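Secondary and tertiary structure notes
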Amino acid sequence: MASTLSKDEPQDPPAAEGRTFFGHPRGLATLFMTEMWERFSFYGMRALLVLYLTAAVTEGGMGMATATAVALYSVYNATVYLMAMPGGWLGDRVWGPRKTVAVSSFVIMIGHGLLAVGVDALFFVGLVFIGVGSGLLKANISTMVGHLYQGPNDPRRDGGFTVFYMGINIGAFAAPLLIGWAGQKVSWHLGFGLAALGMGLGLIQFLIGTRHLPARSSVVPYPLSRDERTKAIRNTVLAVVVLALFYTAVVLADAFTIDWVLWPVSIAGLILPTWYFVRMRRDREVTVEEKKKLGAYIWFFIAAAIFWMIFDQSGSTLTLFAEKETSTDLWGIEFPTSWFQSVNPLWVMTIAPVLAALWVKLGSRNPTTTTKFSMGLIGVGASFGLMMLAMAAASGDAKVSPLWLIFVYLIQTLAELCLSPVGLSVTTKLAPAKYASQLMGVWFLAVTAGDCVFAIVQLLIGDAASGRTGFAVQGVIAALAGVVFLAARNKIRPLMGEVK
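Rules behind the numbers
- Residues numbered from 1 in each chain as written.
- Predicted model: local features only at pLDDT ≥ 70, side-chain atom pairs only at ≥ 80, totals over all residues.
- Heavy atoms only, no water.
- Core = buried A, V, L, I, M, F, W, Y, C linked by side-chain atoms within 4.5 Å.
- Buried < 20%, exposed > 50% of the residue type's maximum accessible area, 1.4 Å probe, protein only.
- Contact = heavy atoms within 4.5 Å.
- Phe/Tyr/Trp six-rings, centres within 6.5 Å; stacked < 30°, edge-to-face > 60°.
- Helix = DSSP H or I, 4+ residues; strand = E, 2+ residues; numbered from the N terminus.
- Axes fitted to C-alpha atoms, helices over the stretch in contact; angles between N-to-C directions.
- Parallel < 35°, antiparallel > 145°, perpendicular 65-115°, else oblique.
- Left-handed = near helix turned anticlockwise from the far one by under 90°.
- Nonpolar A, V, L, I, M, F, W, Y, C, P; charged D, E, K, R; others polar.
- pLDDT = per-residue confidence, 0-100.
- Salt bridge = Lys/Arg side-chain N within 4 Å of Asp/Glu carboxyl O.

**Some thoughts on the nonpolar core**
In this structure, Trp308 and Trp443 are the most contacted members of the largest nonpolar core, which totals 133 residues. Excluding residues that lie within four positions of it along the chain, tryptophan 443 makes contacts with Tyr297, Ala304, Trp308, Phe373, Leu419, Ser420, Gly423, Leu424 and Thr427.

**Section: the packing of aromatic side chains**
For the structure on display, the rule yields 24 aromatic pairs. Aromatic side chains phenylalanine 307 and phenylalanine 311 sit 5.4 Å apart centroid to centroid with 20° between the ring planes, which places their arrangement in the stacked category. A residue pair is termed a helical-turn pair when its members lie 3 or 4 positions apart in one helix, as phenylalanine 307 and phenylalanine 311 do in helix H10 (residues 288-311) at four residues. Given a relative accessible area of 6%, phenylalanine 311 falls into the buried group.

**Quick word on the packing of helix H2 (residues 66-82) against helix H9 (residues 259-282)**
In contact at an axis separation of 10 Å, H2 and H9 are set at 40° when each is read in the N-to-C sense. Regarding the angle of H2 to H9, the classification is oblique. By crossing handedness, the relation of H2 to H9 is classed as left-handed. Residues Ala71, Leu72, Val75, Thr79 and Leu82 of H2 pack against Leu262, Val265, Ser266, Gly269 and Leu272 of H9. Classifying every residue of the contact of H2 with H9 gives seven nonpolar, three polar and no charged.

**Section: the confidence of the model for the protein chain**
Mean pLDDT over the protein chain: 84, with 94% of residues reaching 70 or higher. The low-confidence segment residues 1-16, where pLDDT is below 50, has 22 contacts with residues more than four positions distant or belonging to other chains.

**Description of the pattern of salt bridges**
Inspection of the entire model under this criterion finds three salt bridges. The closest approach of N and O atoms between arginine 46 and aspartate 312, which form a salt bridge, is 3.6 Å. Here arginine 46, found in helix H1 (residues 27-54), pairs with aspartate 312, found in the loop between H10 and helix H11 (317-325); they are 266 residues apart in sequence, far enough to count as distant. Aspartate 312 shares its class with arginine 46; the two are buried.

**Comments concerning the environment of arginine 157**
Here arginine 157 lies in helix H6 (residues 157-186). Judged by its relative accessible area of 5%, arginine 157 falls in the buried class. Taking the C-alpha atoms as reference points, arginine 157 and histidine 24, 133 residues apart in sequence, are found 9.0 Å from one another.

**A closer look at the environment of alanine 196**
Structurally, alanine 196 is set in helix H7 (residues 188-209). Sequence separation between alanine 196 and leucine 207 is 11 residues; the distance between their C-alpha atoms is 17 Å. When near neighbours in sequence (up to four residues on either side) are disregarded, alanine 196 contacts Met109, His112 and Gly113.

Structural data, given as structure tokens:
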């Protein structure tokens, strides 16, 4: 049984440091490598997903309509982050972060293995496994990064999250090069099998390296009482039974289509974060000061949702633009379409160290979190402005140069580095003590909300959502949101308390 930690007990101080990892606690290396392999498996699979869904049956794909495949991709991506909420809850109240990450890594590995089998029914079961496992892992591994530092104002904290973010992008860069090539050039299911292998390596590395993590990562901060545990089990079983009966009835009535999955998940992805914010603000164990910080955090959440609505289309609408309208020959080198998914992480690895050093060098002149978020929103909006020009250049039969997408990803990467690692850090700073892991789950729900909004738009208006007008509208919305966020910074800062 995992040990527990009262909220009134002091936190473990960091272990005495001998060897470090780029100047950070050695435990960061364990979390860095685990996240790298998990992202290798996830992004490798994601690079193939829409291409596999839309490929003709004669080519080994599923032959799905483009609009349906894009909506399914968005809903699937949303589900991965939607499951971060129960993942955070399990980390806070049942298993503790360390055990939750170990279990989730195993579930993800099994999910990728099911994708590799080549049976359609098992393919969708595998997607469910990956979604559940990724949700369990994401909230808890980021929380453990926060455990490595002494409080929210440790000067190494933001830099530590940026280094951790590099692990994500090393895995994301390598995955399409290997998994994408294997999937498109050899066999779709070989590609999915390599994703399973990557997650297996990540699990082994995590189990070996856990000795370098602080004891606090094994602690269940707020364990369930016996009554709460009984209630949780009862409610879970009831929900599963109700869903099973409902979908059984739909299937027996011969009315089932993919929309019976896409619409409920899309709506749930918008309702759940709203409900969770209301619940936390009404919780009597959350102090007045913590509720003020939650008020500030809602601003960051909405900004992030708008950002991810655009950014996450790299694996759907931008991938399809690459497949249909973009040349895959650069300077005489021919490459598979999935390799475009390595461009963003390559930019991240190139630019992130420079930005991390710049934030440190600026010291007190470092842009505030609100300013960085505004820069991220305006930047991602500008990237879709460039996409409009790329689409105009693609008129006719000629395919455009891959440099168009490479520069779109450059702009998006600069925007991402202003918002995403900073968002992870500010989440750990503004989280109420009772909801430390769960608020990290809420952060990932911003991805869910953004993806669900786009999925709903795609379901309503089809391919027009990813046309030139659709890109223009989304880009303007993001840029205007950035300007509004910047204008509201003087209202947000007082709510953040001592957090800068």
